[in-house]
Amino acid sequence: MGVAMAEPAAGREALLAEVTTDVVPSWAILVVQLNSLVAERLGVTDTDVQCLFVLGRHGPTTPGVLAKHVNLTTGSASRMIDRLVAAGCVRRVADPHDRRRVLIEPTQEGLDRVSAAYSGLIARTRDDLGDFDDAELSTIVRFMKTAERSTAAEIHRLQATLQGRT
């Protein structure tokens, strides 16, 4: 009877290990590789693609806020914005609430180009998820949102460590 109790725990540990040390890291590496190919296709850098995603998700923002979202210095963010303006993906506009500030907003062309670049993955993912029921999809969404929060927290922890804060 004691053996039967140990098996589920061992099975759970094996599943947790598979998710945390195999499945998620392997998938994350492939996502990084895909993002690199998308950036190359768009004629920009990987960070530029992150910027377009942030703008598409959160809307126009200041260069400083954008820099924080993609973990760049303000100088590097300025060069990123210049590249994206030159590529026709973003534009600088006056902040309607404070004309002294500039906002960076995505162009429809930029959003369309990114959307087209990811359309194959989106279609494949929708197909992959087709056999999952609503409860399973809700579980996946809950996991992904939790993983996103945990990853953001780890980024902040590592940044603080690098800056000498604990």
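Parameters at a glance
Residues numbered from 1 in each chain as written. Predicted model: local features only at pLDDT ≥ 70, side-chain atom pairs only at ≥ 80, totals over all residues. Heavy atoms only, no water. Salt bridge = Lys/Arg side-chain N within 4 Å of Asp/Glu carboxyl O. Helix = DSSP H or I, 4+ residues; strand = E, 2+ residues; numbered from the N terminus. Buried < 20%, exposed > 50% of the residue type's maximum accessible area, 1.4 Å probe, protein only. Expected span 1.5 Å × (residues − 1). Polar contact = N/O pair within 3.5 Å; in protein donor to acceptor, adjacent residues only side chain to side chain. Patch = residues over 30% accessible without salt bridge, like charges linked within 9 Å, V, L, I, M, F, W, Y side chains within 5 Å. Areas by Shrake-Rupley, 256 points an atom, 1.4 Å probe, with all protein chains shown as cover.

1. Remarks on the pattern of salt bridges
And then number 1: Counting across every chain of the model gives 8 salt bridges.
And then number 2: Linking aspartate 48 and arginine 83 is a salt bridge whose minimum nitrogen-to-oxygen distance equals 2.8 Å. With a gap of 35 residues between them, aspartate 48 in helix H2 (residues 46-58) and arginine 83 in helix H4 (residues 74-86) connect regions that are remote in the sequence.
And then number 3: In this structure arginine 83 comes out as partly exposed when scored by relative accessible area, which is 36%.

2. Observations concerning helix H6 (residues 134-162)
And then number 1: The end-to-end C-alpha distance of H6, which contains 29 residues, comes to 42 Å, matching closely the 42 Å that a straight helix rising 1.5 Å per residue would cover.
And then number 2: The residue sitting at the N-terminus of H6 and contributing the capping side-chain oxygen is aspartate 133; that oxygen lies 3.0 Å from the backbone nitrogen of alanine 135.

3. Quick word on the environment of aspartate 133
And then number 1: Summarising the element assignment, aspartate 133 is placed in the loop between helix H5 (108-129) and H6.
And then number 2: Classification of aspartate 133 by relative accessible area gives partly exposed; the value is 41%.
And then number 3: There is a polar contact of 3.0 Å between the side chain of aspartate 133 and the backbone nitrogen of alanine 135.
And then number 4: Side-chain polar atoms of aspartate 133 contact the backbone nitrogen of glutamate 136, separated by 2.7 Å.

4. As for a nonpolar patch on the surface
And then number 1: On the surface, a cluster of nonpolar side chains totalling about 490 Å² of accessible area is made up of Val19, Val23, Val24, Trp27, Phe143 and Met144.
And then number 2: Of all elements in the fold, only helix H1 (2-42) and H6 reach the threshold of two or more residues within the nonpolar patch.
And then number 3: Per element, the largest residue contribution to the nonpolar patch is 4 residues, and it comes from H1.
And then number 4: Summarising the element assignment, valine 23 is placed in helix H1.

These figures capture arrangement, not role.
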